[in-house]
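Secondary and tertiary structure notes
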Amino acid sequence: MQLDCSAYDPNCRDCSRLAEFLDQVRHQYPAYFCKPVPPFGPERATLLVVGLAPGMHGANASGRPFTGDWCSDLLYGTLYTYGFAKNPRSLSRDDDQALIDCRLTNAVKCLPPQNKPTPAEIKTCSKYLAQEINSIQPKVIVCLGAVAHDAVLSCLVGIDRSIKRSAYRFSHAAVHDVAGIRLIDSYHPSRYNTNTGRLTPEMFSAVFALVRRYV
Ligand code: URA
């Protein structure tokens, strides 16, 4: 099992709303993980994939990003197709799934009510994301959705104050070069986006084909 704790505090309660929500959910579902969900994958990786936040019955239950989530098969299946995952599916924290030269994390580590972290919570959690970017030293970051894009950009602005955020707008399959890192945007593979056809498996696959041009 790959678990790195350098940018992870399982006891973090910095966002009181999220910490109290996790207390409630833990009471309701005692078998669930119900802690900040740690990143998954090797400590150094060329590719970093950043999602939004754990889903209630997925990552929050299993303790691994996007595992047990509705969009799990699309994400891990695509990572597998492009050689970034050992197996096409991620079923639980104890399976033998492994990421290859790829790290997977969320902009917000705790389950947010209604899947919606507040701007203050995203900002508070960004210290972990910034540490991760710093220690992983990725060449490419795939941002799953606009929240991930903005969170990653904020971390990079923290490293280099001369970065102009307005030069890097989120749009699907956009490639941005920021502070020596290639940022590639994708619509989030959420149930809503895939059910409405905003994001098709082909569109998602094309994003990782783009990643493979650089990695
Ligand atoms: N599960 C995660 O871990 N992250 C997301 O962004 C969505 C579901």
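Here, the structure is the one placed above.
What comes next is a walk through the structure. Just so we're clear, the structure is a prediction, and the values are computed from it rather than from any experiment. (Residues numbered from 1 in each chain as written. Predicted model: local features only at pLDDT ≥ 70, side-chain atom pairs only at ≥ 80, totals over all residues. Heavy atoms only, no water.)

This part is about the sheet that holds strand S2 (residues 102-106). Here we have five strands laid out as an open sheet, ordered S2-S1-S3-S5-S4, and mixed in their pairing. Edge positions in the sheet fall to S2 and strand S4 (175-178), since each has one partner strand and no second. Along the sheet, successive strands turn relative to each other by an average axial angle of 20 degrees, direction set aside. As defined by bridge partners, strand S3 (residues 140-144) adjoins strand S5 (residues 181-186) across five bridges and the pair is classed as parallel. (Pairing = 2+ DSSP bridges. Helix = DSSP H or I, 4+ residues; strand = E, 2+ residues; numbered from the N terminus. Axes fitted to C-alpha atoms, helices over the stretch in contact; angles between N-to-C directions.)

Moving on to helix H3 (residues 72-81). The buried fraction of H3 amounts to seven of the 10 residues, a majority that puts the element mostly inside the structure. Among the residues of H3, Ser-72, Leu-74, Leu-75, Tyr-76, Gly-77, Thr-78 and Leu-79 are the ones counted as buried. The inward-facing, buried residues of H3 contact strand S1 (47-51), S2, S3, helix H6 (191-195) and helix H7 (201-214). Just downstream of H3 lies Gly-83, where phi reads positive at about 80 degrees. (Buried < 20%, exposed > 50% of the residue type's maximum accessible area, 1.4 Å probe, protein only. Contact = heavy atoms within 4.5 Å.)

Now for H7. Taking 1.5 Å of rise per residue, the 14 residues of H7 would be expected to cover 20 Å, and the 21 Å separating its terminal C-alpha atoms lies within 8% of that figure. Taken together, the buried positions of H7 are Phe-204, Val-207, Phe-208, Leu-210 and Val-211. Taken end-on, H7 shows its buried residues confined to a sector of 145 degrees, consistent with a single buried face. Counted as exposed and oriented over 90 degrees from the buried face of H7: Glu-202 and Arg-213. Turning to H7, the residues buried within the fold contact S1, H3, S3, S4 and S5. (Expected span 1.5 Å × (residues − 1). Arc of directions from axis to C-beta.)

What follows deals with the pattern of salt bridges. Under the criterion given, the structure shown has nine salt bridges. A salt bridge links Arg-17 to Glu-121; the shortest N-O distance between them is 2.7 Å. Note that Arg-17 is positioned in helix H1 (residues 16-28) and Glu-121 in helix H4 (residues 119-136), a separation of 104 residues in sequence. Asp-177 is the salt-bridge partner of Arg-182, the closest N and O atoms lying 2.8 Å from each other. Taking relative accessible area as the criterion, Arg-182 reaches 26% and is therefore assigned partly exposed. Through salt bridges with shared partners, a single network forms among Arg-13, Asp-23 and Arg-26. (Salt bridge = Lys/Arg side-chain N within 4 Å of Asp/Glu carboxyl O.)

Turning next to the site of the ligand. Neighbouring the ligand are Gly-51, Leu-52, Ala-53, Pro-54, Gly-55, Ala-59, Pro-65, Phe-66, Asp-69, Asn-106 and His-188. Leu-52 is positioned such that a nitrogen or oxygen atom in its backbone is 2.8 Å from an oxygen atom of the ligand. A distance of 3.0 Å separates a nitrogen atom of the ligand from a polar atom in the backbone of Ala-53. Relative to its unbound accessible area of 230 Å², the ligand is 93% covered by the protein chains. The cavity where the ligand resides is the largest pocket. Taken together, the residues that form the shell around the ligand break down as six nonpolar, four polar and one charged. (Near = heavy atom within 4 Å. Polar contact = N/O pair within 3.5 Å; in protein donor to acceptor, adjacent residues only side chain to side chain. Areas by Shrake-Rupley, 256 points an atom, 1.4 Å probe, with all protein chains shown as cover. 1 Å grid on protein atoms, 1.4 Å probe; cavity = no way out; pocket = protein on both sides within 12 Å on 5 of 7 lines; lining within 4 Å. Sits in = over half its atoms within 2 Å of the grid points. Nonpolar A, V, L, I, M, F, W, Y, C, P; charged D, E, K, R; others polar.)

Considering only enclosed or pocket space, the largest pocket measures out at about 510 Å³ in volume. Lining the largest pocket are 21 residues, with Gly-55, Asp-69, Cys-71, Asn-115 and Ser-190 positioned closest to its centre. Sort the elements by how many residues they give to the lining of the largest pocket and H6 lands first, with three residues. Looking at the lining of the largest pocket residue by residue, the class counts come to nine nonpolar, 10 polar and two charged. Approximately 270 Å³ is the volume found for the second largest pocket. Lining the second largest pocket are 16 residues, with Leu-52, Asn-115, Lys-116, Ala-146 and Val-147 sitting closest to its centre. No other element matches helix H5 (residues 146-159), which puts three residues into the lining of the second largest pocket. (Points joined across faces, edges and corners; volume = space filled by probe spheres on them.)

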